[in-house]
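Architecture at a glance
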Amino acid sequence: MNLSGGGPGAGKLPVLIEKGEKKMPSERFKRLPEEKQKKIRDACMAEYTRTTIEKASLNRMIEDAGISRGSFYTYFDSKWDVLGYLCESFINEFYECGVRCLEEAQGDIWEMLGQFLNGSLALCRDERRADFIRNIMECSSREALTFDIFSSDPDRPRAVRGRKLERAAYESCVGKSLRKLGWEEYMSFFRMAMMAIAMEIKSFHDGVPENRIRERFALTLGILKRGAGIESGAGAQSAERK
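Predicted model, so just to flag it, every value in this text is computed and none were measured. (Residues numbered from 1 in each chain as written. Predicted model: local features only at pLDDT ≥ 70, side-chain atom pairs only at ≥ 80, totals over all residues. Heavy atoms only, no water.)

A count of helical and extended segments in the protein gives 12 helices and 0 strands. Secondary structure elements of the protein occur, N-terminal to C-terminal, as α-α-α-α-α-α-α-α-α-α-α-α. Taken over 242 residues, the protein has a buried fraction of 43%. In the protein, 65% of the contacts between residues at least 6 apart in sequence involve partners at least 24 apart. Surface summary for the protein: the accessible area is close to 13,100 Å², and the carbon and sulfur share equals 52%. (Helix = DSSP H or I, 4+ residues; strand = E, 2+ residues; numbered from the N terminus. Buried < 20%, exposed > 50% of the residue type's maximum accessible area, 1.4 Å probe, protein only. Contact = heavy atoms within 4.5 Å. Areas by Shrake-Rupley, 256 points an atom, 1.4 Å probe, with all protein chains shown as cover.)

For the rest of this paragraph, the subject is unusual backbone geometry. Positive phi, close to 50°, is recorded for Gln106, a residue that is not glycine. Structurally, the position occupied by Gln106 is in the loop between helix 5 (79-105) and helix 6 (109-125).

Before going further, it helps to spend a moment on the side chain of Arg161. Secondary-structure assignment places Arg161 in helix 9 (residues 157-173). Since its relative accessible area comes to 16%, Arg161 is described here as buried.

Our focus in this paragraph is the nonpolar core. Membership of the largest hydrophobic core comes to 37 residues, with the highest contact counts inside it found for Ile109, Trp110, Met112, Leu113, Leu178, Tyr186 and Phe189. Of all the secondary-structure elements, those providing two or more residues to this core are helix 5, helix 6, helix 9, helix 10 (183-205) and helix 11 (210-228). Once residues lying within four places of it in the same chain are set aside, the contact partners of Leu113 are Phe189, Ala193, Met194, Ile197, Phe217 and Leu221. (Core = buried A, V, L, I, M, F, W, Y, C linked by side-chain atoms within 4.5 Å.)

With that settled, consider helix 2 (residues 34-50). Along its 17 residues, helix 2 runs 24 Å from first to last C-alpha, staying within 8% of the 24 Å computed at 1.5 Å per residue. Looking only at helix 2, the buried set comprises Gln37, Ile40, Ala43, Cys44, Met45, Glu47, Tyr48 and Thr49. In the core, the buried residues of helix 2 are packed alongside helix 1 (27-30), helix 3 (58-65), helix 4 (69-75), helix 5 and helix 7 (127-138). (Expected span 1.5 Å × (residues − 1).)

Moving on, we get to the packing of aromatic side chains. When we look at a pair of aromatic rings, we describe it by the centre distance and by the angle of the planes. Per the stated rule, a full pass over the model turns up 14 aromatic pairs. With a centroid separation of 5.5 Å and an interplanar angle of 80°, the aromatic rings of Phe29 and Tyr85 are classed as edge-to-face. Remark: Tyr85 occurs in helix 5 and Phe29 occurs in helix 1; sequence separation between them is 56 residues. A network of ring pairs unites the aromatic residues Phe29, Phe72, Tyr73, Tyr75, Phe76 and Tyr85 as a single cluster. Against the face of Tyr95 rests Arg161, its NZ or CZ located 5.8 Å from the ring centre. (Phe/Tyr/Trp six-rings, centres within 6.5 Å; stacked < 30°, edge-to-face > 60°. Lys NZ or Arg CZ within 6 Å of the ring centre and 35° of its normal.)

Here we take up the side chain of Ser203. With respect to the element layout, Ser203 can be found in helix 10. The exposure class of Ser203 is buried, given its relative accessible area of 14%. When neighbours within four sequence positions are excluded, Ser203 is seen to be in contact with Val208, Ile213 and Arg216.

Below, the structure written as structure tokens:
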């Protein structure tokens, strides 16, 4: 592969992972003591929050982590691999937040979505997370980001987790707080809701006040509810017209 970050092919934008290539981090990294893994994660996260994604220094990451360059390349292929790994861990926090909100909502999709927004904003209040997300959003090397962070590989852990959350919400809420939707119709609804949350998270990082974000999201939920809510069947629409 042609990768940036100091290894073979330095200076070129990364390419998409090809079929059969090894996934990062390596098994060797996973066998490290948790304390050493954390030190490496923290050093890399500090560098990615210190400066822009493109300018992040692999040399500084290695130095702050207290490892050799040779050791680094037994754990990751490049600084982009590290970035993908950090994003994977970060996205997992949002997934776990979504699962908690779904369990607590007990079949009320609208409650779940509202709490998911609140939980996501709480995660983003952490200064280090906020700086990391901001740098990701401002990264101009879109080709580089597609290398790993936004990979559409259906077998990636976050894709598998995402499908589990989608299915769990469907089974918990359809026929209760959602009218009886077919799977494709439901997925269109669920993805619109998730996209709305993602847009509000971006607004948060753009400096929009939280109360304004919640007011705007409540309006979005109202629109979605009129289309997919349990009371939004033909009878309800007919009664509304009267």
